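Fold and geometry: a report
Each chain, letter by letter, is given below.
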Amino acid sequence: MRLTRSLEDRLDNLFKQGKIVGGLFRSLGQEATAVGSAYALERKQGDILSPLTRDLGALLVIGAKPREVFANYLWRATSLSRGRDQNIHITDLNRGFLGTISPLGTLVAVMNGVMLASKLQKKESVGMVYIGDGGTSTGAFHEAANFAAVQNLPLVIVGENNAYAYTTPTTKQMRILNLSDRVKAYAMPSEIVDGNDVMAVYGSARRAVDRAREGGGPTFIEAKTFRMRGHAAHDNQSYVAKETLDQWRKRDPIAQFEKALKEQKVGTPADLDNVKKRVDKLLEEDLAWAESQPSPSPEDALGGVYADDERTTVIGAAK
């Protein structure tokens, strides 16, 4: 969680310096949902994760490296997208992550296809895909949720209820209080969890992953959390009351977890400070590496058009 937040802090600085063009979507306040859920996956089992733009923490847990994230945002030739895309639209199936796509509800359908293929191949892998409260209002989500249930796919759908779809509050999106009510029509099991409690999220995700691996089909997890920044860096979040932000700031997921670690005598203040120092050192090195990488050449745009094109091979950005 500390790595996620500190990495995004540096991305925020790069955006303000004009080095990142386009959108920057922060997960400030939502780190526990992404990190806690992703820790329930098992790479040795071939599990696959597909995040949303606010799930950088999940990508880091599954195996993406900070330097790859930096390189992608800075559109470097050695990035996983080879300088063609930004944000966390990065994919490496060898490490078990499938990049997000902008039509959010459709991402669940894509993961349906991945997990149906896995099921037909008699693999024991589990898929995890994320959807926001606004995304659950799309027809694509409902079609995909129904399909996952009917086909009994080994899929965990993490619904991030962060109270706003861009500037629209959930109270103006739907009459129900819980996103999990939406999957009842498909007889899909669901759980509601405090999305700011990383251990509670992990516990819920662990149960869902185990159930899916044992043949129990899909589960919908609703993580109740809050987006502490605007929809993207250009959004000043003026539509959210200061009192609301103050209330959620007291429930900061990292502060809560650090407090629990100290109270349970699992981690000392010195331990936590050491974590921050290690994170800062890693990010300093990885950002320097990413900024030293070349931009893609115009000719590179011709590669990766066809499946058998040798230029589809991704340059090893992790090296």
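For the structure itself, consult the block above.
Let me sum up the structure you'll find in this document. (Residues numbered from 1 in each chain as written. Predicted model: local features only at pLDDT ≥ 70, side-chain atom pairs only at ≥ 80, totals over all residues. Heavy atoms only, no water.)

What follows covers the packing of aromatic side chains. Taken as a whole and judged by the stated rule, the model has four aromatic pairs. Between F141 and F220 the ring centres are 6.2 Å apart and the planes differ by 65°, which places this aromatic pair in the edge-to-face class. Highlighted residues: F141 in helix α6 (residues 139–150) and F220 in strand β7 (residues 219–224), separated in sequence by 79 residues. Taken as a pair, F141 and F220 share a single burial class, namely buried. Measuring from ring centre to ring centre gives 5.4 Å for F226 and W248, while their planes differ by 15°; the resulting arrangement is stacked. (Phe/Tyr/Trp six-rings, centres within 6.5 Å; stacked < 30°, edge-to-face > 60°. Helix = DSSP H or I, 4+ residues; strand = E, 2+ residues; numbered from the N terminus. Buried < 20%, exposed > 50% of the residue type's maximum accessible area, 1.4 Å probe, protein only.)

Look at helix α10 (residues 269–291): 33 Å from first C-alpha to last across 23 residues, which is about the 33 Å you get at 1.5 Å a residue. Taken together, the buried positions of α10 are L272, V279, L283, D286, L287, W289 and A290. The secondary structure elements touched by the buried residues of α10 are α1 (2–16), α4 (66–73) and α9 (253–263). (Expected span 1.5 Å × (residues − 1). Contact = heavy atoms within 4.5 Å.)

Grouped together as the largest cluster of nonpolar side chains are 66 residues, with contacts concentrated most on L11 and I157. Residue contacts for I157: discarding those within four places in its chain leaves V108, V129, I131, F141, M188, T219, F220 and I221. Residues A163, Y164, F226 and M228 belong to the second largest nonpolar core, which totals eight residues. (Core = buried A, V, L, I, M, F, W, Y, C linked by side-chain atoms within 4.5 Å.)

Spatial relationships are all this shows, so hold off on functional conclusions.
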